Every structure is written in structure tokens, then in C-alpha cells.
Amino acid sequence: MKLPFEQVVAEHGAMVLRVCRAVLDGHADADDAWTETFIAAMRAWPELPDDANVEAWLVTIAKRKAIDEIRARGRRAVALGDLPDAAPDGWMPDAAATSDAERHDVWRAVRALPERQRHAVAYRYFAGLPYREIAELMGGTADAARRAASDGIKNLRRSYRNEQEG
Amino acid sequence: MTTPESNTRSRPRDEVSDEPHRATDAAPQQLALLHARLADAADEQGLLDVAYRIIDTPVGPLLLAATERGLVRVAFEREGFDAVLAHLAERVSPRVLRAPSRLDDVARQLEEYFAGQRRAFDVRLDHALSSGFRALVQQHLPHIPYGHTESYKQVAAVLGNPGAVRAVGTACATNPLPVVVPCHRVLRTDGSLGGYIGGLEAKTALLQLEQAA
């Protein structure tokens, strides 16, 4: 039997906000990601299998929604100056950028990556997720996710250098 | 500033230590704000199958619940609000959310009623929780005028089923919309109270309120 959704929000609301904040690291709007998470969950709630692990399910949605927020911001060229300087683990692909212009170039390079690489880089270096969770989000194995992130970084370095030299 | 190659922090941490850092706990008032935003967004997107709120009244807290079609449930605290919500989730939809604004109108009308300033309710009702003869009885009840009472026997007769006195009693006892649908205006033939979903004290209080006004 399905619980009233209100109970899900009451029990897991604070946890979902922690996840959104952790992924976004205070740089994008965690409130929006929180709302989007529970809207998506509420939509799917009647069909969720009764024996599902609700907490794990919500964490998965929350991470995805938080990353959507990051990507939505990343697509807005004018907002590039507002992009976070550091991921939760203190490293970002643009950590070395010394100016907004340089940072802009890095993010243009990120956006130019093939989709799987771009996602793997974003999940890994933006969201700080472990590879096994990235694999869950993207499909495939943890090793494949690791390779996609590593290929993405290689491509980034190459295209970024080309831009610098060209 | 460093270059990516020389940046010692440029390597993500090991799988083992890779736990996203914990933000500080959210203040309750922020979660309350987020909850209100969620209720609005859910309503806008047509996901708010059952909205509810709890109001204080002279007969104790009442839970009000509405679907998009109308008021579907009024419950007394003694019924157990958690049980009432669980039942709504099962019978109507599990998309149940505390969302006061859909209940603003009925809450205001109840306030007026308890202040003796309103004699009839003008709200859309959703009879999803009643069927058959019970629904028939419950749809008759609003026709008993404010301040008046009928007996279970009279109600059975009016509905063309004079033998169904006990069934009328059951229909009143299971009225999902007490107060608004006035099952408190139905008494035993001898004038004694009979039963009430909100307890006899509440039934007496409602009858006295209507006598006094």
C-alpha cells in the first residue's frame, strides 16, 4: 500500500536538500533542484513498486536534478562568470583559469565534448560523485564511466591547448 | 595560480573517500518554504490529487481534504489524521500533499459557520468516498435545514426505503464530510443523539450552535 506523498516529503525533505546542496555546493539554486526532485518523485509515486527503497530512489532523482541545474546554468553563456570555482572535492576543470575569459574557454570546451564524456566529467568533477553512482546515472559499468571521464579530460586538455595556441 | 598539470588538487579523491560533503542541516522554516513551493508547483502541474490542511475549530482540529473536483473529506481528530490520510492515499490517490490554499474557501466558510454567521455551505463536493445507498443518504442530508433535525427513520422514509433505518444510521456514521454535510442533524426517533463520527460531545456542540444562532 502506498503512503500519502506528504509523508515522503516530511521524512526525506531535509535529506534531499542536503544532497542537492552537496552536489551544487551552494553555487546553483539548491531550492529549485529540491522542488524539481519532489515534483518528479510525486509524478512517479503511484507507480513506484511497493518494495522500492524510497530513500535511495530520492537520492538518485535529487542528484540528477541537481546536475540538471548545473547543466542549465552551464548552457547560459552570459552566466559563465557565476560558475562555481570549486567542486565539492576542490577541483574543477576550470580551476586553473586565471580570468573569466579563460574560464569561458574551458566551459566552451566542456560543452563541446561528446555527450557521454561531458556527462561523466560533469558528474565526476562538478558533482563529485563516485564512479559506481555515475554508472547508475549514465548506464554501463563504473569502469566505462571512469574511461568516459578520463577521455573527456584528455579531450579537454587537447582542445583547451589548441585554443590557447590557436 | 597553477596549471592543470601542476595542480596537485586536480586529481579526484579515491573511490573510498569519495563521499560528497555534508551541508549543514536545513532550518525548519526553509523546509516549510520549500514545501509551500512544492504544493504550488504540484497544483500547477496537475499532480495535486489530494490537497489537505488542518484547521482549529470549537469542536477541535478538523482535517479538510479536497481533490480537483471538490471537498472529499472532513475528519475529526479522534478518527486519527494519519489513518485518514492513509485511507485517502489508498482510496483516492497517494499523491496527497499538505496544500492549504485549495481549502481556503471551505476553511473560511467553516469559520463563519462556527461563528454563527453561516447557515449553509457553498462548496463543490467530491463524493468519491461514498457509493450506493450511503451516497444517497449523504446527498439528502444538506436538505435538512440549519437548526432542524430529522430522525433516522424519517430519512429512510424520505428516501423511499422506510425499512432502511439501520442503513441510514450506517450512512450517517460513515459520512466522509461531517459538519459540511450535516449528519449531526439526524437523531434517534426518541430524540436521543444516536452516534456521531466526531463524538457525541461534538454532535451536541453543533446542535447547540445551530439552536443558538
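Residues numbered from 1 in each chain as written. Chains lettered and ligands numbered in written order. Predicted model: local features only at pLDDT ≥ 70, side-chain atom pairs only at ≥ 80, totals over all residues. Heavy atoms only, no water.

Concerning the overall build of chain A
Note the following rule: Starting at the N terminus, helices and strands are each numbered in turn, a helix being any DSSP run of H or I of at least four residues and a strand any DSSP run of E of at least two. Only protein chains enter the accessibility calculation, which uses a 1.4 Å probe; a residue is then buried when its area is under 20% of its type maximum, exposed when over 50%, and partly exposed in between. Throughout, a residue-residue contact means that at least one pair of heavy atoms, one from each residue, lies within 4.5 Å. Shrake-Rupley sampling with a 1.4 Å probe provides the accessible areas, and residues are treated as covered by the protein chains on show and by no other component.
Counting its secondary structure elements, chain A contains 7 helices and 0 strands. Helices and strands in chain A line up, N terminus first, as α-α-α-α-α-α-α. For chain A, buried positions account for 55% of its 166 residues. Within chain A, contacts between residues separated by at least 24 positions form 63% of all contacts whose residues are at least 6 apart in sequence. Total accessible area computed for chain A in this model is approximately 7300 Å², and 47% of it derives from carbon and sulfur atoms.

Brief notes about the packing of aromatic side chains
Rule in force here: Ring geometry is summarised as follows: Phe, Tyr and Trp rings, the Trp one being its six-membered ring, pair when their centres sit within 6.5 Å, and such pairs are stacked at plane angles under 30 degrees, edge-to-face over 60 and tilted between the two.
Evaluated as defined, the whole model comprises 8 aromatic pairs over all chains. Seen from their ring centres, Phe 5 of chain A and Phe 38 of chain A are 6.2 Å apart, and the 75° between their planes marks the pair as edge-to-face. With Phe 5 of chain A in helix α1 (residues 5–24) and Phe 38 of chain A in helix α2 (residues 30–44), this pair connects stretches of sequence that are 33 residues apart. On the accessibility criterion, Phe 5 of chain A (0% relative accessible area) is buried. Ring centres of Phe 76 of chain B and Tyr 196 of chain B lie 5.5 Å apart, and the angle between their planes is 75°; this geometry places the pair in the edge-to-face category.

Some details on helix α2 (residues 81–91) of chain B
Residues and elements named next belong to chain B. Defined as follows: This arc describes the spread of directions from the helix axis toward the C-beta atoms.
Of the residues making up α2, those classed as buried are Phe 81, Val 84, Leu 85, Leu 88 and Ala 89. Angularly, the buried residues of α2 cover 140° about the axis, an arc narrow enough to put them on a single face. Along α2, exposed side chains directed more than 90 degrees from the buried face belong to Asp 82 and Glu 90. Packed against the buried residues of α2 are β1 (50–55), β2 (62–66), β3 (71–76) and β4 (96–98).

What to know about helix α6 (residues 131–138) of chain A
An α-helical segment advances 3.6 residues per turn. Residues three or four places apart therefore align on the same side. Burial within α6 of chain A is extensive, with 6 of its 8 residues counted as buried. Those residues of α6 of chain A lying buried are Tyr 131, Glu 133, Ile 134, Ala 135, Leu 137 and Met 138 of chain A.

Topic: the confidence of the model for chain A
Residues and elements named next belong to chain A. Selection criterion: Residue-level confidence of the predictor, termed pLDDT, takes values from 0 up to 100.
Scored by pLDDT, chain A has a mean of 76; 72% of the residues are at 70 or more. Per-element confidence in chain A is highest for α2, whose mean pLDDT is 95, and lowest for helix α4 (residues 100–111), whose mean pLDDT is 65. Long-range and interchain partners of residues 75–96, a stretch whose pLDDT sits below 50, account for 57 contacts in this model, where long-range means more than four residues apart.

Points about the pattern of salt bridges
All names here are of chain B. Keep this limit in mind: By salt bridge we mean one thing: a side-chain nitrogen of Lys or Arg within 4 Å of a carboxyl oxygen of Asp or Glu.
Counted under the stated rule, the structure contains 12 salt bridges over all chains. A salt bridge links Asp 104 to Arg 53; its shortest N-O distance comes to 2.7 Å. Residue Asp 104 is located in helix α3 (residues 104–114), and its partner Arg 53 is located in strand β1; the two are separated by 51 residues in the primary sequence. In this structure, Asp 105 engages Arg 108 in a salt bridge whose closest nitrogen and oxygen atoms are separated by 2.4 Å. Of this pair, Asp 105 and Arg 108 both sit in helix α3, 3 residues apart, roughly one helical turn.

Concerning the environment of Val 96 of chain B
The residue Val 96 of chain B is located in strand β4 in this model. Given the relative accessible area of 0%, Val 96 of chain B is considered buried. C-alpha separation for the pair Val 96 of chain B and Ala 86 of chain B, spaced 10 residues apart in sequence, amounts to 9.1 Å. For Val 96 of chain B, the residues in contact, after removing those within four places along its chain, are Pro 4, Phe 5 and Glu 6 of chain A together with Val 50, Tyr 52, Leu 85 and Ala 89 of chain B.

Points about the packing of helix α4 (residues 132–140) of chain B against helix α6 (residues 165–173) of chain B
All names here are of chain B. For clarity, the threshold we go by: Axis definition: a line fitted to C-alpha atoms, limited for helices to the stretch in contact. Angles are taken between N-to-C directions and run from 0 to 180 degrees. Throughout, the term roughly parallel applies to angles under 35 degrees, roughly antiparallel to angles over 145, roughly perpendicular to angles from 65 to 115, and oblique to all others. Charged residues are taken to be Asp, Glu, Lys and Arg, nonpolar residues to be Ala, Val, Leu, Ile, Met, Phe, Trp, Tyr, Cys and Pro, and polar residues to be all remaining types, Gly included.
Packing of α4 against α6 brings their axes to within 9 Å, and their N-to-C directions diverge by 75°. Comparing their axes, α6 and α4 come out roughly perpendicular. Note on element contacts: α6 touches α4 through Ala 167, Val 168, Thr 170, Ala 171 and Cys 172, opposite Phe 133, Arg 134, Val 137 and Gln 138. Considering only residue class, the contact of α4 with α6 consists of 6 nonpolar, 2 polar and 1 charged.

Notes on the sheet that holds β4 of chain B
Residue and element names in this part refer to chain B. To be explicit about the condition: Whether two strands pair comes down to DSSP finding at least two bridges between them.
On the basis of which strands lie adjacent, the open sheet formed by 4 strands has the order β3-β2-β1-β4 and mixed pairing. Two strands bound the open sheet, and with one partner strand each, they are β3 and β4. Adjacent strand axes in the sheet meet at a mean angle of 25°, parallel and antiparallel pairs treated alike. Where β1 and β4 come together, 3 bridges link them in parallel fashion. Opposite Tyr 52, over in β4, you have Arg 98 as the bridge partner.

What to know about the nonpolar core
Our working rule: What is meant by a nonpolar core is a set of buried Ala, Val, Leu, Ile, Met, Phe, Trp, Tyr and Cys residues, joined one to another through side-chain atoms within 4.5 Å.
Counting 92 residues, the largest nonpolar core has Leu 64 and Val 179 of chain B as its most contacted members. Among the elements that line this core, the one with the most residues is α1 of chain A, at 10 residues. Other than its neighbours up to four places away in sequence, Val 179 of chain B contacts Leu 62, Phe 76, Leu 110, Tyr 113, Phe 114, Phe 121, His 184, Tyr 196 and Leu 206 of chain B. By size, the runner-up hydrophobic cluster in this structure holds 13 residues, among which are Val 72, Val 84, Leu 85 and Leu 129 of chain B.

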